[in-house]
Amino acid sequence: MPELPEVETVRRGLQPVMEGERFAKVEARRRDLRWPLPKDFAARLEGKTIAGLGRRAKYLLADLSSGDVLVMHLGMSGSFRVLRDDKEAVPGNYHHERSKHLAHDHVIFHMGNGAIVAFNDPRRFGSMKLVPRAKLDQEPLLRALGPEPLGNEFDAAMLARACKGKKTSLKAALSDQKIVAGLGNIYVCEALHRARLSPRRRASTIATKSGAPNERAEKLVEAIKAVLADAIEAGGSSLRDHRRTDGELGLFQHNFRVYDRVGKPCPTPGCNGTIKRVVQTGRSTFFCPVCQK
Ligand SMILES: [Zn+2]
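Rules used throughout
Residues numbered from 1 in each chain as written. Predicted model: local features only at pLDDT ≥ 70, side-chain atom pairs only at ≥ 80, totals over all residues. Heavy atoms only, no water. Helix = DSSP H or I, 4+ residues; strand = E, 2+ residues; numbered from the N terminus. Rg over C-alpha atoms; globule rule 2.2 N^0.38 Å. Contact = heavy atoms within 4.5 Å. Lys, Arg positive; Asp, Glu negative; His and termini not counted. Charge placed at Lys NZ, Arg CZ, Asp CG, Glu CD. Pairing = 2+ DSSP bridges. Axes fitted to C-alpha atoms, helices over the stretch in contact; angles between N-to-C directions. Donors = N, O, S within 2.8 Å, 3.2 Å for Na, K, Ca; no water. Tetrahedral: all angles 85-135°; square planar, octahedral: opposite > 155°, others 65-115°. Core = buried A, V, L, I, M, F, W, Y, C linked by side-chain atoms within 4.5 Å. Buried < 20%, exposed > 50% of the residue type's maximum accessible area, 1.4 Å probe, protein only. Phe/Tyr/Trp six-rings, centres within 6.5 Å; stacked < 30°, edge-to-face > 60°. Disulfide = S-S within 2.5 Å. pLDDT = per-residue confidence, 0-100. Expected span 1.5 Å × (residues − 1).

Next up on the list: the overall build of the chain. Within the chain one finds seven helices and 11 strands. Compactness check: the chain gives a C-alpha radius of gyration of 20 Å against a globular reference of 19 Å for 293 residues, within 12% of the reference. Considering only contacts within the chain whose residues lie at least 6 apart along the sequence, 69% involve residues at least 24 apart. For the chain, the centre of its 50 positive side-chain charges and the centre of its 33 negative side-chain charges are spaced 8 Å apart.

Moving on, we get to the sheet that holds strand β4 (residues 68-73). The strand order β2-β3-β4-β9 describes an open sheet built from four strands, whose pairing is antiparallel. Two strands lie at the open edges of the sheet, namely β2 (50-56) and β9 (127-132), each paired on one side alone. Strand-to-strand, the axes of this sheet are offset by a mean angle of 20 degrees, without reference to chain direction. Pairing of β2 with strand β3 (residues 59-64) involves six bridges; the strand directions are antiparallel. Paired with arginine 56 across the two strands is tyrosine 59, which belongs to β3. Together, β2 and β3 form the strand contacts of helix α1 (residues 4-18), whose direction differs from that of β2 by roughly 175 degrees.

Next up on the list: the sheet that holds strand β8 (residues 116-120). Across a sheet, paired strands are connected by hydrogen bonds in the backbone, their directions being either parallel or antiparallel. Strand order in the open sheet formed by five strands is β1-β7-β8-β5-β6, and the pairing between neighbours is antiparallel. Edge strands, defined here as strands with exactly one partner in the open sheet, are β1 (23-28) and β6 (87-89). Averaged over all adjacent pairs, the angle separating strand axes in this sheet is 15 degrees, with direction ignored. Here strand β5 (residues 79-84) pairs with β8 via five bridges, running antiparallel. Bridge pairing in β8 places serine 79 opposite asparagine 120. α1 contacts β1, β5, β7 (105-111) and β8 of the sheet and is inclined by roughly 35 degrees relative to β5.

What follows covers the coordination of the zinc ion. Within the protein, the atoms that donate to the zinc ion are Cys266 (SG), Cys271 (SG), Cys288 (SG) and Cys291 (SG), at distances of 2.3 Å. Each of the four donor atoms around the zinc ion contributes to a set of angles spanning 105 to 116 degrees, which defines the coordination as tetrahedral.

In this structure, Leu159, Leu174, Leu183, Tyr187, Leu220 and Ile224 are the most contacted members of the largest nonpolar core, which totals 31 residues. Elements supplying a minimum of two residues to this core: α4 (156-163), α5 (170-175), α6 (185-194) and α7 (215-238). The next biggest cluster of nonpolar side chains, apart from the first, holds 30 residues, and it includes Leu14, Leu33, Leu64 and Phe80.

A full pass over the atoms with the stated rule returns five aromatic pairs. Ring centres of tyrosine 187 and phenylalanine 256 lie 6.4 Å apart, and the angle between their planes is 80 degrees; this geometry places the pair in the edge-to-face category. Of this pair, tyrosine 187 sits in helix α6 while phenylalanine 256 sits in the loop between α7 and β10 (276-280); the two residues are 69 residues apart in sequence, bridging distant segments of the chain. A relative accessible area of 1% means that tyrosine 187 is categorised as buried. Judged by its relative accessible area of 8%, phenylalanine 256 falls in the buried class. Here phenylalanine 256 and tyrosine 259 contribute two aromatic rings whose centre-to-centre distance is 5.5 Å and whose plane-to-plane angle is 80 degrees, an arrangement assigned as edge-to-face. Members of the aromatic cluster, connected to one another through ring pairs, are Tyr187, Phe256, Tyr259 and Phe286.

What follows concerns the state of the cysteines. Taken as a whole and assessed by the stated rule, the structure comprises zero disulfides. For the unlinked cysteine cysteine 163, the closest cysteine sulfur is that of cysteine 189, found at 16 Å. Given a relative accessible area of 1%, cysteine 163 falls into the buried group.

Here we come to the confidence of the model for the chain. Low-confidence regions, as indicated by low pLDDT, have predicted coordinates that should not be scrutinised in detail. Summing up the model confidence of the chain, the mean pLDDT is 89 and the portion of residues at 70 or higher is 90%. Mean pLDDT across the elements of the chain bottoms out in β6 (76) and peaks in α4 (98). Per-residue pLDDT stays below 50 along residues 236-250; that stretch engages in 31 contacts with residues further than four places along the chain or on separate chains.

Our focus in this paragraph is α1. Here α1 is 15 residues long and its end C-alpha atoms lie 20 Å apart, about the 21 Å a rise of 1.5 Å per residue gives. Listing the buried residues of α1 in full gives Leu4, Pro5, Glu6, Val7, Glu8, Thr9, Val10, Arg11, Gly13, Leu14, Val17 and Met18. Count one or two residues on from α1 and you reach glycine 20, which has phi positive near 80 degrees.

Another aspect to go through is the pairing of strand β11 (residues 283-287). With respect to burial, β11 is a largely interior element, four of its five residues being buried. Bridge count for β10 against β11 is five bridges, and the pairing is antiparallel. Its bridge partner lying in β11, arginine 277 is registered against phenylalanine 286. Linkage of β10 to β11, two consecutive antiparallel strands, is achieved through a turn of two residues, within which threonine 281 is found at a positive phi near 40 degrees.

Rendered as structure tokens:
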């Protein structure tokens, strides 16, 4: 499943062709993705201009001149392909094999500038929804989300407050979208390794009894922001290659320190540990038992 950095690189890849542009024509080749597409989906988009293309957690938000917001999610296997001036680009890095079958192009946006933006989703866990901008705050998909990890609101004080008294593991706390939005299995593992904190450590131990942040909370927030920023930067670099037409594996995954590296030596300087895998709340956790305490 794409995580926040992938969605952000997709947003940055789509921005130049979609922002400020008009939907000239919209083809909805199915009536549903994960859920049914909105009623009169194409008609509600055609002729409207995208004032801005934003992101909240793993949702792309296209702010339309009609007052609606088009809320899009890539699901498990969704991706966009951009065709413009006979060139094709697939913005973003995908950790899964990207489908090349045109049969899975379910929604096609024909933009006023001539660009074609195709949404391809073989497993159809992706979604598109139209929400009036005035009601975005109450939108069930977005309402319960915690702060953006790259935003100013997310800091050590905030994270410590959220973890105060929590008996769950740090891994589980960071994966909780109500505590911080958009972090998934990969970047939780990577951030904990950078912060040298064990994924099994109790979440409450990054805060004092009164909920103030300790040094661990500071290190953890710094690590989360750094790992996401690095991944976005690595993803962004692939956008320059406009000839890329398939879902080549993301560049950032060559930089994973622990994720999917079981049995490999720990990359922490001076550490002679070996990366281990354990299962926590049904998901694989990768970590170094030597330097992550
Ligand atoms: Zn180590």
